[in-house]
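Per-entry structural report
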Amino acid sequence: MLKKNEIKVGDTYSEKIVEDLKRTQIVQYAGASGDYNPLHSDDKFTKEIAGYPGVFAHGMLSMGMTGKMLTNFVGDGTLKKYGVRFTNQVWPGDSLEGTATIIDIKEEDGETLAEIAIETKNQDGATVITGSATAKVG
Amino acid sequence: MSKIKMPVEKSHIMMFARSIGDANPKYYEEKDENVIAPPTFIQSSAQFDPDYFLRPKIGGDNWFGSGKDPTGMKSSGSGSGGGGAAMGLHAEQHYEYHQPLKVGDVITAEVKPGKSWEKESKRAGKLKFSESVTEYRNQDGELIITATSVGVVTEKPVEN
């Protein structure tokens, strides 16, 4: 858990959340989450029916990987909110870095809360996720 | 709508943590049952939805992924014939955590439709957005997570 006297607005935390994303990891996510959309594992369908250059990651895999960066930063069980927009697709071979930035620290109903801005970028600097989170602070 | 009844299990959390590359030892230690699920774990409640449309049904012959043909979907006449069929994508996902999601919880879900709207985009033509709100409750009826999902159907594949 973040400590009130150890954080300030503007603090950032970054983590490489995946290096050279493998198709097999996308399949692992499909199996664990139960989302078997062929867009994520079936190249033939994805090229010939959907019209994309090939399979791509579930948005929720990118959100999940960004979420591990977030819990590594704020601690387990401290999140009050976590939300994202998927701004670009994530492809096999991509390397992603997630960043959390504290944008506000406030008191609400007797709790101290940190408001956090979230951004995940790929190896070309393109943003694949923007989001926000609220975490309890000790 | 939803008939989800999801027992939150340690081994499922472990498999989910592996799939997102989360090395937090709590997810892997056998003895420690006192585990809070990763923040997006509730998404895997799809495993417990008997009607989930993104899972092939046992004995079903209408799965839309490829087999012999690029799609197993029986022709319905809805395709444009030009390739690049309209396709649903995930646009946004938001979670509000009311209480920690823990091993041993048994979760039920209630889905409520939300807003829908349209937008024009340079990269994908007309975009049709629709929102759904899901309330996840534990075995005592306590609200654990509220999830808001926004899906988008694009007119054509997103240009990259």
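The structure displayed is predicted, hence computed values, not measured ones. (Residues numbered from 1 in each chain as written. Chains lettered and ligands numbered in written order. Predicted model: local features only at pLDDT ≥ 70, side-chain atom pairs only at ≥ 80, totals over all residues. Heavy atoms only, no water.)

Attention now goes to the packing of helix 1 (residues 23-33) of chain A against helix 3 (residues 59-74) of chain A. Residues and elements named next belong to chain A. The geometry of helix 1 relative to helix 3 is characterised by a closest axis approach of 10 Å and an angle of 95° between their N-to-C directions. As the angle between them shows, helix 1 and helix 3 are arranged roughly perpendicular. In this structure, helix 1 uses Gln 25, Ile 26 and Tyr 29 to contact helix 3, whose residues at the interface are Met 60, Leu 61 and Met 65. A class-by-class count of the residues in the contact of helix 1 with helix 3 yields five nonpolar, one polar and no charged. (Axes fitted to C-alpha atoms, helices over the stretch in contact; angles between N-to-C directions. Helix = DSSP H or I, 4+ residues; strand = E, 2+ residues; numbered from the N terminus. Parallel < 35°, antiparallel > 145°, perpendicular 65-115°, else oblique. Contact = heavy atoms within 4.5 Å. Nonpolar A, V, L, I, M, F, W, Y, C, P; charged D, E, K, R; others polar.)

Let us now look at the sheet that holds strand 4 (residues 125-137) of chain B. What the 10 strands build is an open sheet, ordered 1(A)-3(A)-4(A)-5(A)-2(A)-2(B)-5(B)-4(B)-3(B)-1(B); its pairing is antiparallel. Sheet topology places strand 1 (12-18) of chain A together with strand 1 (5-7) of chain B at the edges, where each strand pairs with a single neighbour. Strand-to-strand twist in this sheet, taken as the mean axis angle between neighbours without regard to direction, amounts to 25°. Relative to strand 4 of chain B, strand 3 (residues 106-121) of chain B runs antiparallel, the two sharing 12 bridges. (Pairing = 2+ DSSP bridges.)

Moving on: the nonpolar core. If you look at the biggest cluster of nonpolar residues, it comprises 54 residues, and the most contacted ones within it are Tyr 82 and Ile 116 of chain A together with Leu 101 of chain B. Counting residues per element, this core draws most heavily on helix 3 of chain A, which supplies eight residues. Dropping the residues within four chain positions of it, Leu 101 of chain B is found in contact with Val 8, Val 35, Ile 36, Ala 37, Phe 41, Ile 42, Ile 107, Ile 144 and Ile 145 of chain B. Within the second largest apolar cluster, 19 residues are counted, among which are Leu 39 and Phe 45 of chain A together with Ala 91 and Val 150 of chain B. (Core = buried A, V, L, I, M, F, W, Y, C linked by side-chain atoms within 4.5 Å. Buried < 20%, exposed > 50% of the residue type's maximum accessible area, 1.4 Å probe, protein only.)

We now examine the packing of aromatic side chains. Under the counting rule described, the total for this entry stands at 10 aromatic pairs over all chains. With a centroid separation of 5.6 Å and an interplanar angle of 70°, the aromatic rings of Phe 45 of chain A and Phe 64 of chain B are classed as edge-to-face. Highlighted residues: Phe 45 of chain A in helix 2 (residues 43-48) and Phe 64 of chain B in the loop between helix 1 (10-19) and strand 2 (87-97), drawn from two different chains. Summarising the burial analysis for this pair, Phe 45 of chain A and Phe 64 of chain B share the class buried. Ring geometry for Phe 16 of chain B and Phe 41 of chain B: centres 5.3 Å apart, planes at 90°, overall edge-to-face. Taken together, the positions of Phe 16 of chain B in helix 1 and Phe 41 of chain B in the loop between helix 1 and strand 2 put the pair 25 residues apart, joining distant regions of the chain. Clustering of aromatic rings is evident, with ring pairs tying together Tyr 29 of chain A together with Phe 16 and Phe 41 of chain B. (Phe/Tyr/Trp six-rings, centres within 6.5 Å; stacked < 30°, edge-to-face > 60°.)

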